[in-house]
Amino acid sequence: KLLIQKNLFHYHFQPIVDAKSGEICAYEALMRTDVSIGMSPLEVLDAAKEYNYLYEIEKATMFNVLERYSKECDKFGQRKVFINTIPGHFLNDEDTTMLIKKYSEFMGNVVFELTEQNTVSDEELNHIKKLFGNEKGQIAIDDYGAGHSNIVNLMRYSPQVIKLDRFLIKTSMGYPDIKSQ
């Protein structure tokens, strides 16, 4: 609760590199807490789930990442930023409207990552698509092959980006004993 009340979240931006050119083509926002808190992102999400604060984590992430992106857009060089969403806890109508109002000029550079751990409802999918309307915003499926992957969800989400689970890549390269992370 303290993390949310005091907004003690930090975000690191991991470069996503084009394999052909070696150029940075986007960044993935990674949630972290202050070292003094000593909680990993998974621990934060587990605690938030236990105490029914996942929505608040989702809201903080969306607003915090876009606030930083808006203030440092010259450093990002108009590259896209990938933001993970929490299925079942996407922003409600009021918060979606507020996010659009505050950051509409940057929504075309956002890629919303849907994890494969849970299925996203049609209502949530519509909220995500509403955020970027007909602009260049995108949807990505993160860790495809690790959870509820199926062709039906692939068709429903109509993602512009599919990020394969590490296990699928390592298995196809002849390393079946390496666990997915």
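Just so we're clear, the structure is a prediction, and the values are computed from it rather than from any experiment.

(A) Highlighting the packing of aromatic side chains. Counted according to the given criterion, the structure contains 6 aromatic pairs. Seen in terms of ring centroids, Phe 13 and Phe 76 are 5.0 Å apart; in terms of plane orientation they differ by 75°. Their pairing is edge-to-face. Within this pair, whereas Phe 13 is found in strand S1 (residues 9-17), its partner Phe 76 is found in helix H4 (residues 73-76), the two being separated by 63 residues in sequence. Residue Phe 76 is classed as buried on the basis of its relative accessible area, which comes to 5%. Taking the centre distance of 5.4 Å and the plane angle of 85° together, the rings of Tyr 27 and Phe 76 count as edge-to-face. On the criterion of sequence distance, the pair formed by Tyr 27 in strand S2 (residues 24-33) and Phe 76 in helix H4 is long-range, its members being 49 residues apart. Grouping residues by exposure puts Tyr 27 and Phe 76 together as buried. Through pairs of rings, three or more aromatic residues link up here, namely Phe 13, Tyr 27, Tyr 69, Phe 76 and Phe 106.

(B) Broad picture of the pattern of salt bridges. Inspection of every chain in the model, using the stated rule, returns 4 salt bridges. Between Lys 71 and Glu 67 there is a salt bridge whose closest N-O contact spans 3.2 Å. Placement of the pair is Lys 71 and Glu 67 together in helix H3 (residues 54-71), with a separation of 4 residues, close to one helical turn. Given a relative accessible area of 62%, Lys 71 falls into the exposed group. Through salt bridges with shared partners, a single ionic network connects Glu 67, Lys 71 and Lys 102.

(C) Spatial organisation of H3. The terminal C-alpha atoms of H3 lie 26 Å apart, and with 18 residues this matches the ideal 26 Å at 1.5 Å per residue to within 8%. Those residues of H3 that sit buried are Leu 54, Ile 57, Glu 58, Ala 60, Thr 61, Met 62, Phe 63, Asn 64, Val 65, Leu 66 and Tyr 69.

(D) Representation of the side chain of Asp 95 in the model. Here Asp 95 shows up in helix H5 (residues 93-103). Exposure remark for Asp 95: the relative accessible area of 4% places this residue in the buried category. At 3.4 Å, the side chain of Asp 95 and the side chain of Lys 59 are in polar contact. Look past the residues within four positions of Asp 95 in its chain and what remains in contact with it is Tyr 55, Lys 59 and Phe 63.

Cut-offs applied
- Residues numbered from 1 in each chain as written.
- Predicted model: local features only at pLDDT ≥ 70, side-chain atom pairs only at ≥ 80, totals over all residues.
- Heavy atoms only, no water.
- Phe/Tyr/Trp six-rings, centres within 6.5 Å; stacked < 30°, edge-to-face > 60°.
- Helix = DSSP H or I, 4+ residues; strand = E, 2+ residues; numbered from the N terminus.
- Buried < 20%, exposed > 50% of the residue type's maximum accessible area, 1.4 Å probe, protein only.
- Salt bridge = Lys/Arg side-chain N within 4 Å of Asp/Glu carboxyl O.
- Expected span 1.5 Å × (residues − 1).
- Polar contact = N/O pair within 3.5 Å; in protein donor to acceptor, adjacent residues only side chain to side chain.
- Contact = heavy atoms within 4.5 Å.

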